[in-house]
Each structure stands twice: as C-alpha cells, then as structure tokens.
Amino acid sequence: MIQKDGIATQEMIDSITPSAERRSKGPVAVVECFQSIPCNPCYTSCPRKAMKELIDINDMPQVNTDICNGCGVCISHCPGLAIFVIDETYGDNQCLIKMPYEFTPLPSEGDYVTATDRGGKPVCRGKVVKVVNTPMQDRTPIIHLVVPKEFSMIVRSLNINDIYDDNTYICRCEELTLGELREYIRKGYTTLDEIKRITRAGMGPCQGRTCRQLIMNEIAKLTGVKPQDQLMSTFRPPVKPVKLGFYAQEDTDNE
Amino acid sequence: MKRTDIAIIGGGPAGLCASIAAAKMGAKVTLIERNSTLGGQLVKQTHMFFGSQKQYASTRGIDICKILDNEVNKYDNIEVLTNTTVLGMYEDGVITLDCNGSYKKMLPSRIIVATGASEKYLPFANNDLPGIYGAGAVQTLMNVYGVKPADSVVMVGAGNIGLIVSYQLMQAGVSVNAIIDAAPSIGGYLVHASKVARLGVPILTSTTVKSAHGKEYITGITTVKLDDKWQEIEGSESYLPCDNLCISVGLSPLAELLWQIGCEMKYVPTLGGFVPTRDNHLKTSIDSVYVAGDVAGIEEASSAMVEGSIAGLCASRSIGLTMTDYDKVLADYIEQSNSLRRGPVGDKIRQGLAQVEIGGQTK
C-alpha cells in the first residue's frame, strides 16, 4: 500500500492508465501523483494546457489525454518526479518510456540498462535511446528508455548497471565473465575465433553451446556488427571432449 | 546601542522574505544570521520545491536561496549581520548579540523572530555511537561540503526530510538500506516516498530502532516492529547493517528567545511543540514581536516564505510605514498562506493554528 511502502497499488495505476485506444495513438503523459498536496507546476508548465486547471492548489492533477501529445515538458517540472511519458507506438513490440533521472553517471545513448519497477525490482533489459539534459530540464534529465511494450505501465526507473553485470558468467566451462569478454572485445578481439583463442571460451566440455550466442551478441553490441554478419568460428571434430587415448583405440570392426 | 526599525532574527527562507517585504515598505532592516552565509536550510536543499510559482515551485532550494540573497542585496536599507547570534531578548525591547565575537546591544522598534527549528532526537541503546547523525547534518555534509557521509545508511523517519535526504544520499552514491518509521503510515509526501521506493529502498512503517551496535562506530541496528498501540512486538526484532544511522524524526521550534521576552506560548504537538500565540499578521502576544517560519510552527519552507512576507509587511505597517497596494499585497500573501494549508495534508496544521491564533480572523 502506497501509504506504507511508497508503491502505488494496481488499482491506483489502473485509475491513471490512459485507454488502450489512446495508447495506440502515440506518446502520452502518465501522472502518478496520488495525494492531494499544495502543488501545481504540472498544470502551469504544460504548453498545451492538457492538464486540467487546478482551481485550488491542492487539487489532484488530471491529464486530458486528447490534448496531451506526450511532449514531456512537465516531467522535469514536477517536484515529485511523478510524471512519465509512455509511447506504445515506438516499435512493433516495443514502447518508449520517458522518465526523470537525477543521478550520475547518466547513461549514454545506446546503453543497455536494467529497467526496474515502482519498487526498484528488475523487470527487463532496457535500451537508452536518448538522454535529454538541456538547461530546460534544469538538472532533472529525462531518459528515453525502450522496453518491451507490455512493460509500459510497469517500468518506472532504471539501474545504470546492465541487468547482466560484469561478474555475470558467459562461459562457465572456462570461467569467462562478461566483464573480461567486454575487455577483450574493446582490445580488438572482435570475432568468435579470436575470443576463443584468447580466452578458451568454447573449448570446454560444452563446446561453445552456452557461450557462442552470448559472445556474438556482446560483439554485436560493442562493435555494431550483427551476429549474422560476423565470422563464424571453425567447427572441427570432435563435437565433445574425449580423451586422447580414445582415439588411440583401433576400430577393430573390419566389415 | 544600535537602533533599527526592524530586527529580523534568522536568515532562512522566512527571515529573507521578511527582510525583503519590510525593505519594500521602507523600513530600516537589520537581518541577523548566526552562520556565515544567508539561506538557512535552503543552502542544502537541492530538490525542487512544491507549491505554486509565487513560492518558487519547481525551483530548487539552493536556487531560491540565490534569488532571495540577490533580492536582499538590492536594498540599501537592509543591513545583514552574519556570524551573529542573538543571545537574549529583554522586556525593554533590547536584544544582545554576539557579533563575530564582539558583544553588542540593539534596540529595534520591532523584532521578527524567524529562528527556525532544531532536529528532535531519539532515545535508544548506544545512541551515542559515532556514525549516528541528524538527517540535517548528513545533508549539510553532502550538499554543502561535498563530503560523502557514509557507505550505507538506515534512515529513521519517513517524513519529507527523511525521504528527501534518503534520495539525496542515493544521488551521492550512498546505499540506503531501509527507511524505518514508528508511525503506521508514511508521514511525508507520497511522491517523495515513491521516488525512493522505485530505487529499491524498502520503507518499513510501524518499525523503530531498538539499539545500535558497533564498537568504534556504528555497524548496524536492531529494529523492532510496533503494534497499533505503538508497543514493541516481542520477537519482531531484526538486524539491519549500516555505517550511518540518520535520525529524522521531526523538528522542534527554536523558541528560546520568545520564552525569554515573555511571549505567550502554547504546546501544540502538530506544530512541533511549544509555539507562540499570534494574530493572523504574525504578531505575538507582545506588540513589538512578530514571528515567521518554523519557530511559529513546523511547516514547509513555502509556508515559511509566505509567513516571512506577511510578518515583514505587518511589522513595518505597525510603525507607520506603507506602500502602494499594501492591502492588496497583504491579502494576496494571506490567501497564498491559506491555500498552501487548505488541502488534506494541511489538516493538522490548520487544527494546530486554530489553537494558537489570537482573535480569530482579525483584519
């Protein structure tokens, strides 16, 4: 309950969720202010007058979603940092969430971060596509975060650390962590074979079945070369590790 | 002995606004501040203020501080005494000062007391361990001196100060392990609570600190849950690690000077303790003494600024000064003051003020 833990209930969220029809039309502001307090910058800052007039300064904010175009000017003006803009038309299965973020270091465009919910719990991986930080935002930068569409009303914050942090294992056979892998890619080892030769990733018991795709994705992320365009490593027998003595056996079956 | 029209004690938001309002009325103002710079708590308030444009809503406290400071500097009739503490207020209207180490006396025609408040403290085992701070001190270390005060903090108190300082600790790279509050629900604005909740900070209500642990300095605390009668629930103890315990359990008006001079005082818990009775022009039971801001009852800084303006105008008017549209300007401030308190979060303030207002709605 919000009065006890600061987290809005589903009922409260439902009450301020724009209609599916409106969400399908483009960006729109979502004001998560659930208490009558003496405050009105959301109303006074809106260039389109989409916020219902607060006749008394203690009135609760109400967005007219027909007028609101999701410009996001109100986001940095809300002293409670309670305003978000969601855009479910951003991509086929993706949505864009514009959120205030007053922490350093700021994420950079292109960064993957951990998208979190109203309780700070990780929801999914998110991609930062824009960081708006001009004098207009007056030190309340706005992050444009892309997440799967179903999380448009769930993701409300971010953790700059990618959901996969540097200590995450990429190759468990040869104990290669994501941090080490990134370091090698940055040093110029940018193909699967190069990574294999320098780290042994792919040469353990599983023969690359765990790490191959992960390494290619990470190379794609850091170099921009898509997995389908990367050089595939060379496949040679055996497909599983066997002892040398195994090959020393003679095949006595002389058919 | 120095003479002045209006001595204003305290250079925080209330005192600054009182000085500006009195200076506009043409009064000779002496603004007395015990610190080396003006601004009071504004100097460390890096968050945006609530309210309306008239009270600088959406502007950060540190920026409001600059705006008011610049405004004060525009008036030749405001004299600012920094590093100056008022030591006593006497029945004949004389005040005594420690002015940068020299002893001074002053006889003002009117005094506006805007001394603010001090932080309340909590009794619990080992509460003298190094690493246990008031939230205000931690905020000063971070936001004024740029010192990271700890690595991991437990905040006691989910009022606005506890919530805001927790958020600012996170901004400084400190982890906040939990915010605990003895009350069954969050006292601060819910938007502030949501701000820290979505950073993953647990807010634990009906929970208080039972004891602190550590040898050289604090390393953790034992918390205990409280039932609906605020009694400890046996067996509900739990350990939380931290290297800093931040106490933010409310403020007490700094009213010693008002007691000294003999203002009528009333105990009103919702206003923070003993506060002076006053009329709606902020005049106390003593004709020459006005009050503004937290010393008159703990509220938000936006209310303190409006009260300062009202006290500055009315104290000046009482010595025969005036200005164009005086009535209109005063009425506007009184309306601002009422509107800030009109909503549900102002309920307790309004009830408290009803107990200390002299003469009801006087003109």
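Residues numbered from 1 in each chain as written. Chains lettered and ligands numbered in written order. Predicted model: local features only at pLDDT ≥ 70, side-chain atom pairs only at ≥ 80, totals over all residues. Heavy atoms only, no water.

Caption draft 1: Fine view of the overall build of chain B. Summing up its helical and strand segments, chain B has nine helices and 19 strands in all. Once the C-alpha set of chain B is aligned to its principal axes, its extents read approximately 65 × 45 × 35 Å. A burial count over chain B gives 56% of its 363 residues as buried. Sequence-distant contacts in chain B: of pairs separated by 6 or more residues, those separated by 24 or more amount to 61%. When the accessible surface of chain B is totalled, it reaches about 14,900 Å², and 50% of it is carbon and sulfur. Between the centroid of the 31 positive side chains of chain B and the centroid of its 35 negative side chains there is a distance of 4 Å. (Helix = DSSP H or I, 4+ residues; strand = E, 2+ residues; numbered from the N terminus. Buried < 20%, exposed > 50% of the residue type's maximum accessible area, 1.4 Å probe, protein only. Contact = heavy atoms within 4.5 Å. Areas by Shrake-Rupley, 256 points an atom, 1.4 Å probe, with all protein chains shown as cover. Lys, Arg positive; Asp, Glu negative; His and termini not counted. Charge placed at Lys NZ, Arg CZ, Asp CG, Glu CD.)

Caption draft 2: Up close: the overall build of chain A. The helix and strand inventory of chain A stands at nine helices and nine strands. A compact globule built from 255 residues should have a C-alpha radius of gyration of about 18 Å, whereas chain A, at 25 Å, is more than 25% larger. Overall, chain A is about 95 × 35 × 35 Å in size when its C-alpha atoms are taken along their principal axes. Going through the 255 residues of chain A one by one, you find that 46% of them count as buried. Long-range contacts, defined as pairs at least 24 residues apart, comprise 57% of the intrachain contacts of chain A with a sequence gap of at least 6. Only carbon and sulfur atoms are counted for the fraction: they give 50% of the accessible area of chain A, which is about 13,800 Å². Computing the positive centroid from 30 side-chain charges and the negative centroid from 33, chain A places the two 2 Å apart. (Rg over C-alpha atoms; globule rule 2.2 N^0.38 Å.)

Caption draft 3: Here's a closer look at the interface of chain B and chain A. Each partner contributes to the interface: chain B provides 37 residues, whereas chain A provides 40 residues. Regarding the contact of chain B and chain A, the summed buried area is about 3,100 Å², with carbon and sulfur atoms giving 53% of it. At the surface where chain B touches chain A, the tally comes to three salt bridges. The closest approach of N and O atoms between R139 of chain A and D63 of chain B, which form a salt bridge, is 2.4 Å. (Buried area = accessible area lost by both parts, 1.4 Å probe. Salt bridge = Lys/Arg side-chain N within 4 Å of Asp/Glu carboxyl O.)

Caption draft 4: The arrangement of the pattern of salt bridges in detail. Scanning all chains against the criterion turns up 25 salt bridges over all chains. Residue D193 of chain A is joined to K196 of chain A by a salt bridge in which the shortest nitrogen-to-oxygen separation is 3.5 Å. Of the two residues, D193 of chain A and K196 of chain A are both situated in helix α7 (residues 192-199); the distance of three residues between them amounts to about one turn of the helix. Judged by relative accessible area, which is 12%, D193 of chain A ranks as buried. With a relative accessible area of 18%, K196 of chain A lands in the buried category. The residue E299 of chain B makes a salt bridge to R341 of chain B at a minimum N-O spacing of 2.8 Å. Taken as a pair, E299 of chain B in the loop between β19 (289-291) and α7 (301-317) and R341 of chain B in helix α8 (residues 326-341) lie far apart in primary sequence, 42 residues in all. Summarising the burial analysis for this pair, E299 of chain B and R341 of chain B share the class buried. Counted as one network, the salt bridges with shared partners bring together D138 and R139 of chain A together with D63 and K66 of chain B.

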